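A closer look at the structure
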Amino acid sequence: MTLRVYDTRSRSKRELETLDEGKVGLYACGITPYSPSHIGHGRQAIAFDIIVRWLRHIGYEVNYITNFTDVDDKIISVANDEGVDFLEVANRNIADYFEGMDALNVLRADHYPRVTETIPEIVDMISILIQKGHAYVGGDGVYFEIDTSPEKYGQLTGQSLDMVRAGAGGRVADTGSGKRDHRDFALWKSAKPDEPSWPSPWGEGRPGWHIECSAMSLKLLGERFDIHGGGTDLLFPHHEAEIFQSECCLGHDPVVQYWIHNGMINVDGEKMSKSLGNFWTIKDALEQVDPLVLRYTMINAPYRQPIDFNQKMLDESSIHHKRMVSVYGESLSSFGTTDWGDVEILESASKRFAAAMNDDFNTRNAVVEIQSVVNSLRNLLDNGADADILAAGAGWLSEFAGEILGLLPTDESIQEMMAEDESARSEIESIVEPLLKERAEARASKDWPRADEIRDKLNELGVVVEDSPSGPVWRLQ
RNA sequence: GCACGAGUGGCAGAGUAGCUAUGCAACGGACUGCAGAUCCGUGGACCCGGGUGCAAAUCCCGGCUUGUGCUCCA
């Protein structure tokens, strides 16, 4: 079975053919750490985390890079407001990012390059661009000259030069005084007072926003690499700028074989963004919901679709996730020697799961398969299936819901949770049992008010009573 | 305005021509004193208008709606 991925540049799903057989070089644009991470960052990281996990699962060796833009206007502005060094701001927010990602069960990338650690490579790249005539030194920095390769314009967004010229309207005037054309973009910004800067052939300054990704991907993945990713909001101008820079610098195209873009998170139908002030930080979200439930919500839609974030969605995810975890936990205590491949429903579910993931990483469909296996196991658990099959089911979930989708807590923490439940249960048992007995007597004599009164009382203690054909069963809320 | 997407049942979301998505919700039944859980079952959709096909949610044209981009943004 072949893996097909949607490539933004060709606007089609294409079979993945890597430059080196069996290996994937993947670069995804990371964050600018000027404030705590929000759930949009979480979604992006989860999307690429799952892509990486799946690629590895089907046998690829993946080199996954995601960067930190650790020097930028906003970071400097926050630092100046606080009267601290810009790196203090960046480091603090990078730590926050890792904390959030760890909670969301995002595996670490292989490298996290930072702009401040890539200055020499950036300077080299700019020098080559100037030398090749694609860039020029303006009054306040170095700029890429769009007109030197107009054919590259609109590769990802389909916009033409004239359109952008027309659309930019009055906003052109206040950008980049040293530009020859408003569509040119900065490669190097000359130092201003109170700003960090580095020496360069064009004087003290710092890199423009776009050049870092070209330099970092070149440094870590080489002159051509397989996949470049990021949010759809980076399509223009950031990724188009990268195409200009990398391809003009290296003199060949394409540098990137596949462009992959994840959809945004919307809140109440509008894009979540800082300027609208409607964003949730990861911490905000985790105050309300379990991190793995948040992860579940994020992958319960294909990565390219926008997600409209709302409470109902979280509630539903929470129900589904809880059911999955408890079915897994209960199955875990079964011991058996049957491989899941020998159980028909598991075998066929795994095939459909793989087909879903191979179709542009369709996690939504993959989750459907998880749900159907969870339902089957629930059924078996309730009707006393043999341990062999349950154990095989637990193994299946561990592999597909756990290792690949990253949705399961560790076995240890599940067992811990179950043990806690058990001890809480035995603690309260001496109170519950006599009441249940009394209720049974009341029910036997058809004294329903009394029976309900006792049930209410148990509810107050956090005990849920359910009458089954074989008598009442109870559990803790 | 221009560019690129998207419009499928109450919700989320599959599905590039002929057959069923799936999950949740709803409804009916079984079981129940009631409730809950569970089991069995049911109904329900393809934005609008044209076109091409024996056949269209699926392809083509037009329209409408909506998202994103055109400015820092995952």
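Criteria and thresholds
Each chain carries its own residue numbering, running from 1 in the written order of its sequence. Each chain gets a letter, beginning with A, and each ligand a number, beginning with 1, in the order they are written. Confidence filtering applies because this is a predicted model: local features only for residues at pLDDT of at least 70, side-chain atom pairs given and counted only at 80 or more, and all residues used for totals across whole chains, interfaces and linings. Side-chain numbers here rest on the full set of heavy atoms in the structure, without hydrogens or water. Helix and strand definitions here come from DSSP, where helices need a minimum of 4 consecutive H or I residues and strands a minimum of 2 consecutive E residues; each element is numbered from the N-terminal end. Exposure categories follow from relative accessible area, calculated using a 1.4 Å probe and restricted to protein chains: below 20% of the type maximum is buried, above 50% is exposed, and the middle band is partly exposed. Between two residues, a contact is recorded if the distance between any of their heavy atoms is within 4.5 Å. Centre distance within 6.5 Å is the pairing criterion for rings of Phe, Tyr and Trp, where only the six-membered ring of Trp is used; planes under 30 degrees apart are then read as stacked, over 60 as edge-to-face, and the remainder as tilted. For a ring to carry a charge above it, either NZ of a lysine or CZ of an arginine must fall within 6 Å of the ring centroid while also lying within 35 degrees of the normal to the ring plane. Working definition: residue near molecule or strand if any one of its non-hydrogen atoms lies within 4 Å of it. Polar contact criterion, stated in full: a pair of N or O atoms within 3.5 Å, where within protein one must be able to donate a hydrogen and the other to accept it, and residues adjacent in sequence count only if both atoms are side-chain atoms. In this classification, the charged set is Asp, Glu, Lys and Arg, the nonpolar set is Ala, Val, Leu, Ile, Met, Phe, Trp, Tyr, Cys and Pro, and all remaining amino acids, among them Gly, are polar. Every axis corresponds to a line fitted to the C-alpha atoms, with the helix fit spanning only the stretch in contact, and the corresponding angles, defined between N-to-C directions, vary from 0 to 180 degrees. Roughly parallel means an angle under 35 degrees; roughly antiparallel, over 145; roughly perpendicular, 65 to 115; everything else is oblique. Note on convention: the crossing is left-handed when the near helix lies turned anticlockwise from the far helix by less than a right angle, right-handed when the turn is clockwise. For the purposes of this section, nonpolar cores are sets of buried Ala, Val, Leu, Ile, Met, Phe, Trp, Tyr and Cys residues that join through side-chain atoms within 4.5 Å. Where each domain begins and ends is defined by an automated method or by a domain database. A side-chain nitrogen of Lys or Arg and a carboxyl oxygen of Asp or Glu constitute a salt bridge if their distance falls within 4 Å.

Looking now at the overall build of chain A. When helices and strands are tallied, chain A shows 15 helices and 15 strands. In terms of its C-alpha atoms, chain A occupies a principal-axis envelope of roughly 95 × 50 × 35 Å. Counting across all 477 residues of chain A, residues that qualify as buried make up 50%. Intrachain contacts of chain A at a sequence separation of at least 6 include 74% that bridge at least 24 residues.

Within this structure, the stated rule accounts for 20 aromatic pairs. Plain terms: the ring middles of F144 and F185 are 5.2 Å apart, the flat faces sit at 5 degrees to each other, and that makes the pair stacked. Placement of F144 in strand β6 (residues 141-144) and of F185 in strand β7 (residues 185-190) is noted, with a sequence separation of 41 residues between them. The class of F144 is buried, set by a relative accessible area of 0%. Look at W340 and F400: their rings are 5.5 Å apart centre to centre, the planes differ by 70 degrees, and that puts the pair in the edge-to-face class. Remark: F400 occurs in helix α13 (residues 387-404) and W340 occurs in the loop between α10 (311-332) and α11 (344-358); sequence separation between them is 60 residues. Like F400, W340 is buried. Among the aromatic residues, those joined into a ring-pair cluster are W54, W340, F353, W396 and F400. Here the basic side chain of R180 rests over the ring of Y136, its NZ or CZ set 3.9 Å away from the ring centre. If you follow R425 out to its NZ or CZ, it ends over the ring of W474, 4.0 Å from the centre.

A few words on the protein's contact with RNA strand B. Looking at RNA strand B, there are 51 residues lining it, with T157, W209, L234, P302 and R455 nearest. Taken together, the sugar and phosphate atoms account for 63% of what RNA strand B places within 4 Å of the protein. H38 is positioned such that a nitrogen or oxygen atom in its side chain is 3.2 Å from a base nitrogen of RNA strand B. Between RNA strand B and the protein, one listed contact pairs a phosphate oxygen with a side-chain N or O atom of R323 at 3.4 Å. For the surface near RNA strand B, the leading source of residues is helix α12 (residues 363-382), giving 7 residues. Across the surface near RNA strand B, the residue classes tally to 13 nonpolar, 20 polar and 18 charged.

This part covers the packing of helix α14 (residues 411-444) against helix α15 (residues 448-460). It is the contact of α14 with α15, at a shortest axis distance of 8 Å, that shows an interaxial angle of 160 degrees. Regarding the angle of α14 to α15, the classification is roughly antiparallel. Handedness of the α14/α15 crossing: left-handed. Between α14 and α15, the residues in contact are V432, L435, L436, E438, R439, A442 and R443 and W448, R450, A451, I454, R455, K457 and L458, respectively.

Across soluble globular proteins, nonpolar side chains show a tendency to be buried alongside one another. With 79 residues, the main nonpolar core has I370, L397 and L405 as its most contacted residues. Per element, the largest residue contribution to this core is 10 residues, and it comes from helix α1 (residues 39-57). Taken domain by domain, the makeup of this core includes at least three residues from each of domain 1 (4-262) and domain 2 (282-409). Listed in part, the 47 residues of the second largest apolar core include A90, F185, C213 and L221.

Let us now look at the domain arrangement of chain A. How big an interface is tends to be reported as the loss of accessible area on association of its parts. In terms of domains, chain A is made up of domain 1 (4-262), domain 2 (282-409) and domain 3 (420-476). Centre-to-centre, using C-alpha coordinates, domain 1 lies 61 Å away from domain 3.

Turning our eyes to something else, we now look at the pattern of salt bridges. With the rule as written, the count across this model stands at 30 salt bridges. Residue D49 pairs with R295 through a salt bridge whose shortest N-O separation is 2.9 Å. Note that D49 is positioned in helix α1 and R295 in helix α9 (residues 291-299), a separation of 246 residues in sequence. In terms of burial, D49 and R295 fall into one category: buried. In this structure, R439 and D467 form a salt bridge, with 2.9 Å as the shortest nitrogen-oxygen distance. Taken together, the positions of R439 in helix α14 and D467 in strand β14 (residues 463-468) put the pair 28 residues apart, joining distant regions of the chain. By sharing partners, the salt bridges in this structure join D73, K189, E195 and R206 into a single network.

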